[in-house]
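# Structural characterization, general
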Amino acid sequence: ILCYLHMEIICVNIFSFIFIIYSNIKHNSYSSIYNINDNKSIYIGYLDIPKINLRKGFTEKSSKYNTVNRNVEILDSSSYPDEENGNVILAAHSGNSSVSFFKNLYKLNIGDLVYIDYKNTEYTYKITNIYEVAKTGKAEIKRKKGISSITLITCTKDNKKTQTIYIGELINKK
């Protein structure tokens, strides 16, 4: 009987899991499936890059889900979008895996727009610089001081030895 009850609970949880996934897809929701027990999103903001059809949430820096192995990661040294003259630094995998959220970032050009939705405000950034650095675990961020900006970091397409860095400057917030 104990085994049967255990199996029944698993079946209920699997059904709930499938239902939540179906509901999220049906309603075009980007909420996380990792936090289905309380049915609240773990995301505090969303990165939106229409040119490459990307809309992905990011979590608090302290969240266990704030890792490139699960999400777009906001780095510890990053500012949040609402910080004056700050730099929002986001990193994600490129490649072909299910967590390769930046796989099409290489299609961005200078002048393209990147958006962040955070605390009921939309921040619009214009890409102003794109450059590669050696993949050493550290990257020099070349941005103008005194300007709010975004930095996107990912591995360079077809090059395992470098990372590509995309810098955008804040041009609008509403």
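About the cut-offs
Residues numbered from 1 in each chain as written. Predicted model: local features only at pLDDT ≥ 70, side-chain atom pairs only at ≥ 80, totals over all residues. Heavy atoms only, no water. Helix = DSSP H or I, 4+ residues; strand = E, 2+ residues; numbered from the N terminus. Buried < 20%, exposed > 50% of the residue type's maximum accessible area, 1.4 Å probe, protein only. Contact = heavy atoms within 4.5 Å. Salt bridge = Lys/Arg side-chain N within 4 Å of Asp/Glu carboxyl O. Pairing = 2+ DSSP bridges. 1 Å grid on protein atoms, 1.4 Å probe; cavity = no way out; pocket = protein on both sides within 12 Å on 5 of 7 lines; lining within 4 Å. Points joined across faces, edges and corners; volume = space filled by probe spheres on them. Nonpolar A, V, L, I, M, F, W, Y, C, P; charged D, E, K, R; others polar.

### Details of the overall build of the protein
- When helices and strands are tallied, the protein shows one helix and eight strands.
- Sequence-ordered secondary structure for the protein, helices as α and strands as β, is α-β-β-β-β-β-β-β-β.
- Residues classed as buried in the protein amount to 38% of the 174 residues present.
- Long-range contacts, defined as pairs at least 24 residues apart, comprise 52% of the intrachain contacts of the protein with a sequence gap of at least 6.

### Let's talk about the pattern of salt bridges
- Throughout the structure, instances matching the rule amount to five salt bridges.
- For Arg 55, the salt bridge identified is with Asp 117, shortest N-O distance 2.8 Å. Remark: Asp 117 occurs in strand 5 (residues 113-118) and Arg 55 occurs in strand 2 (residues 54-58); sequence separation between them is 62 residues.
- Judged by its relative accessible area of 28%, Arg 55 is partly exposed.
- Asp 117 sits in the partly exposed class, given a relative accessible area of 24%.
- Note that Lys 119 is salt-bridged to Asp 82, the shortest N-O span being 3.5 Å.

### Section: the pairing of strand 7 (residues 149-155)
- Within strand 7, six of the seven residues are buried, leaving the element largely enclosed by the surrounding structure.
- Where strand 4 (residues 87-91) lies against strand 7, five bridges are found, and the strand directions are parallel. Note on strand 7: the bridge partner recorded for Ala 91 is Ile 153.
- As paired strands, strand 7 and strand 8 (residues 162-173) are joined by seven bridges and run antiparallel to one another. Bridging across to strand 8, Cys 155 finds its partner in Gln 163.
- Once strand 7 ends, the chain turns through six residues before running back antiparallel as strand 8, passing Asp 158 with a positive phi of about 60 degrees.

### What to know about the layout of surface pockets
- In this model, the second largest pocket occupies a volume close to 350 Å³.
- Lining the second largest pocket are 19 residues; nearest its centre among them are Ser 94, Gly 95, Thr 156, Lys 157 and Asp 158.
- Looking at the lining of the second largest pocket, the elements that each hand over two or more residues are strand 7 and strand 8.
- Looking at the lining of the second largest pocket residue by residue, the classes come out as four nonpolar, nine polar and six charged.

### Side note on the environment of Lys 145
- One can find Lys 145 in the loop between strand 6 (121-134) and strand 7.
- Lys 145 sits in the exposed class, given a relative accessible area of 68%.
- In the structure, Lys 145 is positioned 59 residues away from Gly 86 in sequence and 8.7 Å away in space, judged by C-alpha atoms.

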